[in-house]
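# Per-entry structural report
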Amino acid sequence: MSNRDDDLRDELRSHLDMATADRVSRGEPPREAAAHARRELGNVGQIQEAARDVWGGRWILHALQDVRYARRDFRRNPGFAIVAILSLTLGIGATTALFEVIAAVRLRPLPIADPGGLYEIRLASMEGSRGNFESWYPTVTQPIWRELSARQQAFSLFAWSSADAAFDLSEGGETRRINGIWVTGGFFDTLGLHPARGRLLTPADDQRGCAPRAVLGHGFWQRAYGGDPAIAGRMLTVRGRQIEIVGVAPAAFHGLEVGRSFDVALPLCAEAVLSADGKGRADSGTTWWLSVFGRLKPGWTIDRATSHLAAISPDMFKTLLPAGYPATSVEKYLAMTMTAVPGGKGLSQLREAYASPLWLLLAIASLVLVIACTNLANLLLARASAREREIAVRLGLGASRGRVIRQLLTESLLLAATGTALAVLLAGMLGRWLVAALETTGTPITLPLAVDWRVLGFAALLAVATCLLFGLVPALRGTRVMASSVLRATTPGASAGRQTVALRRALVVVQIALSVALLFGSLLFARTLRNVLTLDPGFRAQGLVVAEIDSSRLRLPPKSRLAHRQLVIERVRSIPGLAGAASVAVVPLSGSSSRNDVWPERDRSAKFNTLMNWVGPGYFAVAGVPFTAGRDVDARDTPGSTAVVVVVNELFAAKLGGAAAAIGRRVAREANPGNPEQTYEIVGVVKDSAYTAVKDDPYPTMYFAASQWSVGQSLQLMVRSSLPAAATTSAITGALATLDRRISVRYSIVTAMIRDMLVQERVLAALSSGFGVLAAVLTVVGLYGLVAYSVARRSTEIGVRMALGATRRNILRLVLREVGVLLAIGAAAGCLLALSAGRAAASLLFRVTPYDPAALAGAVAAMAIVAVLASYVPARRATRIEPFDALRME
Amino acid sequence: MPRRRDRYQNRIELLQGTLDLLILQTLQWGPRHGYGIAVAIQANSSDALQVDTGSLYPALHRLEKQKWIAATWELSPNKQRTRVYRLTAAGRRQLASERSRWQALVDAMSRILSRPQETE
């Protein structure tokens, strides 16, 4: 560009020289000749500009000029630039961070070959399935998997599961757990993955009764083996068995569960081989644990494949119906159909659990961004008024309005671009913080938060949108000035049109409305958090520790297991400082549950559903659940007793006419594939307590005496201790080691379990109040600016009023009345907005209505207080105006 | 300087076709620098046409962009660096077609202008 400019300048100079020389040779005196020639040549600048026009690209030059100009201007007014960039950085950063997390859990496809061609093959509805469910995702039983892969022709299928695949690598003592997955032979091949080292599993590795081989996850290989290049051939001990490592999966691949990373993949056949009984779940028709995926075979369309799956379903489930299936569910089992849904994004519990909170937070963050933009628009309008003389001069000197608008917009764009660049950095940090906040004890989240084209595109879009939002109106408004009137006026800003003032008021009203809505939202979530935090789980969580004790390495024969169990419990109970210990089969709040239908004996019509648990003597005392009536299970209750006894909760007892009436009553339980129909005798009633989640309403619950049931090789002890949790766990680990070093144990702290369950409430409350406060602060800045401006603009008027006898109180009222009107309109609009937005959040609230009047009143009151505080300072300044000075300025 | 520039551009547009044709025609006899072209046009029209430098150079750049003429820096006999323009093959074709269009226009104009005035 500049090269061509230089050329033209040289060319014109040579033109001038030649013209002068010609004139001199015609006899003109040299000085006159030069002057004539120059006059003839005309305006060199104009010629250059016209020539540049020919080549185009003039706008680039202008843009660079504008950027230079804007930079110089910002350096002169660093305060404005800093406030503007900071508020944009916060607004865009928060919005982009949320988008980054959403993109990672929701939008990004799995890092596999052709993710769009991967389908999840699942039951259209899980309604007909009964039995044990060990995954949060849709599953089938292993017999269904075998039958399905034999009958269907449309897909290359594979199955996988993370159920019961947490392996303990320790030789005893406290466990070191790794996440495993079971995969069928076609897993890696169908996904189109290539090994990072060695080889991946193939169908040949997955044969019934196989000698298991393992593929490591890339991260685990790095962590546990230091990335040993000769990893293939090394051995890994899983459940007491030596397993050969054959290779390492590619680095980007974390499994099909987004957010949960696998450490080791074992062939499906290994599940049976590694199980205690050597059979595993291979032939269980009521253990639902396998997730099925596949790719279409050549020549198949997804529509044809779906109808193919539907067509083979009825006959398949007829063949598969397990013996002893609960009668009420047989019909639904036979009516089940398989279907295919797109599976290229994998499965994600994060996605299921946090999709709506994340979108809601994104919406909240965008509103904060809108408030920030409104603020900037307001600041720019104020600046435009302050600069109207400069603009008028430039217009008067012949700059076109378009050119000045372009220059003002360049300033806005420069602000937006700088803010966005910083925001992308901030977003990375915020995003990692958010993911860390969602993590719970023992379940790390592996979520690659990449700044990819989606995120960058999103941020760029925000930058342009915000720039237009806050820059365009002030630019249009600022250039619509009458040069003559501005230059004649003496007070800066005095000529600003009534329209500009009205526009600035409207912007502040918008800010107040949005802030009220955001504050309302944060109050709703804060109340929700308080409600869940103050919930009474029905037991005393403080000081409770759950110890999962695994004695399977001892390979005890079944008949000596009961004695061993007693020994372990006695040993733990004898630890000084422990208030008590009792066994429990389903740890409250652990998420697992067991339930069946029961009815009072001989009255099947009064059937109801109940939760079930198996506890040892003293469990209720340890947990802190008081008895209402009757007795605890104790040493009297043995397998040989005449009656199988149960303790029930109050809700259960209420179905039988209350606690007193329930004692001694007998209840029957429906038959299920594991057990025939049975009758139990109620010996005690306890208060209701939480079972699966603190937030759940109380549910009928029935507690069996663990001593009357068969004994496995693992034991879960509920321990109450007055010691700190760490001291309790190390004391238990030590006590178990004195018994046998091969016993392994894993701990959960009950208060931590409760805290983990409330992650969503915690994050929503923290983020929404953060955003609410940010919104309020931005609004205060906007309001302060407006009032200060309006006081400055009306200083003459105020001076006149004071000269005519107005008191300071009168003036204060005059200024505050203006604020009051804005506040009233803004708050009213905010209430409407809040109430309609509250409905969207209803499902995330707990024991708070989305129309909660207290929260609404709180939001309006908070806004009113900060608004008055923000306007008080400039209003005070108005009362200090000296009438004489104000009038002299005219 | 919006207003003045607008007027200036209008003038270029008015002259555009003819000035371009004149430049191409002048270069038909051999390479010349900008000043030389201006002098030649003035001389060949017996001083009837005065070429405005403000239009000449933008027009030269326009023709160069269209690749109808090409420019090189050369040293003049008195050792001065000058930018010399030359007609390209495409320029030659353009000249031919411009000329025939111009001829058609002149014919049409003269037919209209030489018609006897009709009386009312």
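Bear in mind the structure is a predicted one, so any value in this text is a computation, not a measurement.

Right, let's get into the overall build of chain A. Across its full length, chain A holds 28 helices and 25 strands. What you see for chain A is a C-alpha radius of gyration of 38 Å, clearly larger than the 29 Å of a compact globule of 890 residues, by over 25%. Its C-alpha atoms give chain A principal-axis dimensions of roughly 135 × 80 × 55 Å. Across chain A, contacts joining residues at least 24 apart in sequence account for 82% of those joining residues at least 6 apart.

With that settled, the discussion passes to the overall build of chain B. A count of helices and strands for chain B gives four helices and three strands. Secondary structure elements of chain B, listed N to C terminal, follow the sequence α-β-α-α-β-β-α. Nonlocal contacts in chain B, meaning residues at least 24 apart in sequence, comprise 48% of its contacts between residues at least 6 apart.

Turning our eyes to something else, we now look at the interface of chain A and chain B. Each partner contributes residues to the interface: chain A has 20 residues there, and chain B has 16 residues. The set of elements that each furnish at least two residues to the side of chain A that touches chain B consists of α1 (2-25), α2 (30-41) and α3 (44-55) of chain A. Counting residues per element, the side of chain A that touches chain B draws most heavily on α1(A), at nine residues. Classifying every residue of the side of chain A that touches chain B by side-chain character gives nine nonpolar, six polar and five charged.

With that out of the way, let us pick up unusual backbone geometry. Residue and element names in this part refer to chain A. A positive phi angle is found at D114, which is not glycine, with a value near 45°. C-beta crowding within 10 Å serves as the criterion here: with 11 such atoms nearby, D114 is assigned to the exposed category. Positive phi outside glycine occurs at D164, with the angle close to 50°.

Segmentation of chain A into domains returns domain 1 (2-56), domain 2 (62-108 + 355-496), domain 3 (115-344), domain 4 (503-531 + 758-890) and domain 5 (552-742). One C-alpha centre belongs to domain 1 of chain A, the other to domain 4 of chain A; they are set 64 Å apart.

All right, on to the environment of A:R636 then. Residue and element names in this part refer to chain A. With respect to the element layout, R636 can be found in the loop between β19 (627-630) and β20 (645-649). What makes R636 exposed here is the crowd of 12 C-beta atoms within 10 Å. Linking R636 and S707, residues 71 residues apart in sequence, is a C-alpha distance of 9.4 Å.

Turning to the pairing of strand β24 (residues 714-721) of chain A, a few remarks are in order. All names here are of chain A. Buried residues dominate β24, accounting for seven of its eight residues. Here strand β15 (residues 544-550) pairs with β24 via seven bridges, running antiparallel. Looking across to β24, one finds that V546 is bridged to M718. Bridge analysis of strand β16 (residues 578-583) against β24 gives five bridges, and the strand direction is antiparallel. Paired with G580 across the bridge in β24 is R720.

Residue and element names in this part refer to chain A. Over its 27 residues, helix α27 (residues 853-879) extends 37 Å from the first C-alpha to the last, a length consistent with the 39 Å expected when each residue adds 1.5 Å. In α27, a bend of some 35° at Y872 exceeds every other bend along the element, and P874, a proline, comes one to four places later. What α27 keeps buried is the set A855, L856, A859, V860, M863, A867, A870, S871, P874, A875 and A878.

Attention now goes to the sheet that holds strand β25 (residues 744-749) of chain A. Across a sheet, paired strands are connected by hydrogen bonds in the backbone, their directions being either parallel or antiparallel. Residues and elements named next belong to chain A. Read across the sheet, five strands follow the order β5-β25-β15-β24-β16 without closing on themselves; strand pairing throughout is mixed. The open sheet is flanked by β5 (173-174) and β16, the only strands paired with a single partner. Taken together, the two bridges between β5 and β25 define a ladder with parallel strand orientation. Looking at the pairing, G173 lines up with S744 of β25. With respect to the sheet, helix α18 (residues 558-573) is in contact with β15, β16 and β24, its orientation differing from that of β16 by roughly 160°. Strands in contact with helix α23 (residues 750-757) are β15 and β25; relative to β25, the strand with the most contacts, it is inclined by about 60°.

Residues and elements named next belong to chain A. It is the contact of helix α5 (residues 78-107) with helix α15 (residues 453-478), at a shortest axis distance of 9 Å, that shows an interaxial angle of 150°. By crossing handedness, the relation of α5 to α15 is classed as right-handed. Here L88, I92, T95, T96, F99, E100, A103 and L107 of α5 come into contact with α15, specifically with R454, V455, F458, A459, L462, A463 and T466. In terms of residue class, the contact of α5 with α15 is built from 10 nonpolar, three polar and two charged.

Residue and element names in this part refer to chain B. Strand order across the open sheet formed by three strands is β1-β3-β2, with antiparallel pairing between neighbours. Here the strands that pair on one side only, and so sit at the sheet edges, are β1 (32-33) and β2 (69-75). Judged from the seven bridges that link them, β2 and strand β3 (residues 81-87) form a sheet pairing that is antiparallel. By the bridge assignment, T72 is partnered in β3 with V84.

A separate point is the pairing of strand β17 (residues 595-600) of chain A. Residue and element names in this part refer to chain A. The pairing of β17 with strand β18 (residues 608-615) spans four bridges and is classified as antiparallel. Note that in β18 the partner of D597 across the bridge is N609. When β17 meets strand β21 (residues 666-669), the two strands line up antiparallel, connected through three bridges. Each residue of the ladder has a partner; that of V598, found in β21, is R669.

Right, let's talk about the confidence of the model for chain B for a bit. Residue and element names in this part refer to chain B. Summarising the model, chain B shows a mean pLDDT of 78, and 82% of its residues fall at 70 or more. With pLDDT under 50 throughout, residues 1-15 is counted as low confidence; its partners more than four residues away or in other chains account for nine contacts. Scored by ipTM, the complex comes to 0.79, with pTM at 0.72.

This paragraph deals with the nonpolar core. All names here are of chain A. Judged by nonpolar contacts, the single largest core of 169 residues is most densely connected at V368, I512, V516, F520, M718 and A859. Among the elements that take part in this core, helix α12 (residues 349-386) stands out by supplying 21 residues, more than any other. With residues near it in sequence (within four places) discarded, M718 still touches L544, V546, A581, A582, V584, Y619, V622 and A623. Judged by nonpolar contacts, the second largest core, of 59 residues, contains A265, L274, W288 and M338.

So, on to the packing of helix α6 (residues 142-151) of chain A against helix α10 (residues 302-320) of chain A. Residue and element names in this part refer to chain A. Where α6 meets α10, the closest approach of the two axes is 10 Å, and the angle between their N-to-C directions is 140°. Considered as vectors, α6 and α10 are oriented oblique to each other. The handedness of the crossing between α6 and α10 is right-handed. Listed contacts from α10 to P143, I144, E147, L148 and R151 of α6 are I312, M316, T319 and L320. For the contact of α6 with α10, the residue count by class is six nonpolar, one polar and two charged.

Moving on, we get to the environment of A:S790. All names here are of chain A. Summarising the element assignment, S790 is placed in helix α24 (residues 759-793). Overall, the presence of 20 C-beta atoms within 10 Å leaves S790 in the buried class. Each C-alpha atom, one on S790 and one on F771, is 28 Å from the other, the two residues being 19 residues apart in sequence.

Residues and elements named next belong to chain A. Of note, A842 is situated in the loop between α26 (808-841) and α27. When the 12 C-beta atoms within 10 Å are taken as the criterion, A842 is described as exposed. Measuring from C-alpha to C-alpha, the distance between A842 and M316 comes to 42 Å, with 526 residues separating the pair along the chain.

The rules behind these values
Residues numbered from 1 in each chain as written. Chains lettered and ligands numbered in written order. Predicted model: local features only at pLDDT ≥ 70, side-chain atom pairs only at ≥ 80, totals over all residues. Helix = DSSP H or I, 4+ residues; strand = E, 2+ residues; numbered from the N terminus. Rg over C-alpha atoms; globule rule 2.2 N^0.38 Å. Contact = placed C-beta atoms within 7 Å. Nonpolar A, V, L, I, M, F, W, Y, C, P; charged D, E, K, R; others polar. Buried ≥ 20, exposed ≤ 12 C-beta atoms within 10 Å, placed from the backbone. Domains from an automatic or database assignment. Pairing = 2+ DSSP bridges. Expected span 1.5 Å × (residues − 1). Bend = angle between axes of the 7 residues up to and from the residue. Axes fitted to C-alpha atoms, helices over the stretch in contact; angles between N-to-C directions. Left-handed = near helix turned anticlockwise from the far one by under 90°. pLDDT = per-residue confidence, 0-100. Core = buried A, V, L, I, M, F, W, Y, C linked by C-beta atoms within 7 Å. Parallel < 35°, antiparallel > 145°, perpendicular 65-115°, else oblique.

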